Amino acid sequence: MSTPAPLLAWPEDVASLRIGFIGAGRLGQALAWRLAQAGLKVVAVSSRQEAQALALASPIQGCACLSAQAVADACDLVFVTTPDSVIGATCDGLTWRAGQAVVHCSGVTEVGVLAHALAQGASIGGFHPMQTFGDSHAAAQSLPGCTITVEAAQPELMQGLLALVAGLQCVPNRLPAGMRGRYHAAAGYTSQFINALFDQAVRLWQSWGATEEEALRALLPLAQGTLSAIQSAGVARGMPGPVSRGDLSSIEKHLAAIAPMGPEMRDFYKTLCAVTVPLARQAGGIDEAQAQGFTDLLKA
Ligand SMILES: NC(=O)c1ccc[n+]([C@@H]2O[C@H](COP(=O)([O-])OP(=O)(O)OC[C@H]3O[C@@H](n4cnc5c(N)ncnc54)[C@H](OP(=O)(O)O)[C@@H]3O)[C@@H](O)[C@H]2O)c1
């Protein structure tokens, strides 16, 4: 395995880097637009569908739609922003060179998936924004302020990636090696598992004939209030609800009301409720005897 040649003198020269994207989906578009808005040179993009590449390139002056190999040839820093399952194959299918950097944006995929580029002398890294990229335009707006996890074995690349994080007005996070699975699972609790919680709540509303729209109108401000409480008081002290107040009878009523919805919904409610008991204890809202009362009820 050859030693990578030093990259450009990052972060000083970060503005002179020629940046390219392979894969022009939700994340690729949002990230490319934000980097261009930050004054960085996004010069080339490749995607299998021309329309996708054009969607990324058209708002960026001087950004060309090229083949994947042409992007690799033209750029100092290449973001491989394909789906996780094809990052490795995409990298393996191209010729890389010393002095350039190849970076993926997956949370769970190890950086080693880019080993082919490393073997050819390129530096390799990870650049994972902790944000949900549903619609590219909305995602681009939501990027400033979010955390980006950076990983690179080569110090020059790490400096460069940290400079990009700063340029995007984001917060850098470094991850110990081997923690990507756990790290990405943690992210799931505050992204897609929120959808799972809303699904349960909406199904309860629908049981008396309300629509999902009506449910969300009521539930979203509630969720936002909870997030604000967590932000100001922390996970335990920012937790609302009957368990935090030691109100056992409300939980009894909930369980009785949910029972006709089926054992799956009841058991999920019980599992979630059991997790709130030690949180309420930690916050000082209930004493040991009250905690035991909740535990006994939920085990019954
Ligand atoms: N979306 C998120 O919320 C989010 C958040 C953080 C990180 N990420 C990471 O960002 C990366 C991209 O995710 P995404 O959500 O942007 O995916 P996406 O919207 O599905 O876009 C993927 C892009 O890759 C292209 N592509 C698909 N298969 C390909 C292949 N075999 N070869 C080359 N290009 C291919 C697709 O366009 P063509 O069909 O035109 O090729 C598409 O433009 C992933 O690593 C993901 O884990 C995503």
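Since the structure is predicted, the reported quantities are computational estimates derived from the model, not experimental observations.

K.L.:
For this particular structure, what's the right way to read helix α12 (residues 248–258)?
P.N.:
Note on helix geometry: an α-helix contains 3.6 residues per turn, so any two residues three or four positions apart are oriented the same way. Among all positions of α12, only S250, I251, L255 and I258 are buried. For α12, the buried positions fall inside an angular range of 140° around the axis, keeping them on one side. Facing away from the buried side of α12 by over 90 degrees, the exposed positions are K253, A256 and A257. Here the buried face of α12 lies against α9 (192–206), α11 (242–245), α13 (263–283) and α14 (288–299).

K.L.:
How do you make sense of the pattern of salt bridges when you look at a structure like this?
P.N.:
Here the structure, examined in full by the defined rule, presents five salt bridges. For R203, the salt bridge identified is with D199, shortest N-O distance 3.5 Å. Here R203 pairs with D199, and both are found in helix α9, just four residues apart, close to one helical turn. The salt bridge partner of R281 is E288, with a shortest N-O separation of 2.8 Å. Overall, R281 belongs to the partly exposed group, its relative accessible area being 35%.

K.L.:
What is the right way to look at the site of the ligand in this model?
P.N.:
Surrounding the ligand, one finds 22 residues, the nearest of these being L27, R48, Q49, D84 and F133. Backbone polar atom of G25 to an oxygen atom of the ligand: 2.9 Å apart, as the coordinates give it. In this structure, S47 approaches the ligand through a side-chain N or O atom, which is 2.9 Å from an oxygen atom. Tallied by class, residues from the shell around the ligand come to eight nonpolar, 11 polar and three charged.

K.L.:
Sorry if this is basic, but what is going on with the sheet that holds strand β6 (residues 123–129) here?
P.N.:
Two pairing modes exist for strands in a sheet, parallel and antiparallel, and in both the strands are linked by backbone hydrogen bonds. One open sheet holds the eight strands; their spatial order is β3-β2-β1-β4-β5-β6-β7-β8, and the pairing between them is mixed. Each having just a single partner strand, β3 (64–65) and β8 (171–174) make up the two edges of the open sheet. Two elements, strand β1 (residues 18–22) and strand β4 (residues 77–80), share four bridges in a ladder whose sense is parallel. Counterpart to F21 in the pairing with β4 is F79. Across the face of the sheet, helix α1 (residues 26–37) comes into contact with β1, β2 (41–46), β4 and β6 while running at roughly 165° to β1. Along the sheet face, helix α7 (residues 155–167) touches β4, β5 (101–104), β6, β7 (147–152) and β8 and points at about 170° away from the line of β7.

Quick notes on the rules
Residues numbered from 1 in each chain as written. Predicted model: local features only at pLDDT ≥ 70, side-chain atom pairs only at ≥ 80, totals over all residues. Heavy atoms only, no water. Buried < 20%, exposed > 50% of the residue type's maximum accessible area, 1.4 Å probe, protein only. Helix = DSSP H or I, 4+ residues; strand = E, 2+ residues; numbered from the N terminus. Arc of directions from axis to C-beta. Contact = heavy atoms within 4.5 Å. Salt bridge = Lys/Arg side-chain N within 4 Å of Asp/Glu carboxyl O. Near = heavy atom within 4 Å. Polar contact = N/O pair within 3.5 Å; in protein donor to acceptor, adjacent residues only side chain to side chain. Nonpolar A, V, L, I, M, F, W, Y, C, P; charged D, E, K, R; others polar. Pairing = 2+ DSSP bridges. Axes fitted to C-alpha atoms, helices over the stretch in contact; angles between N-to-C directions.

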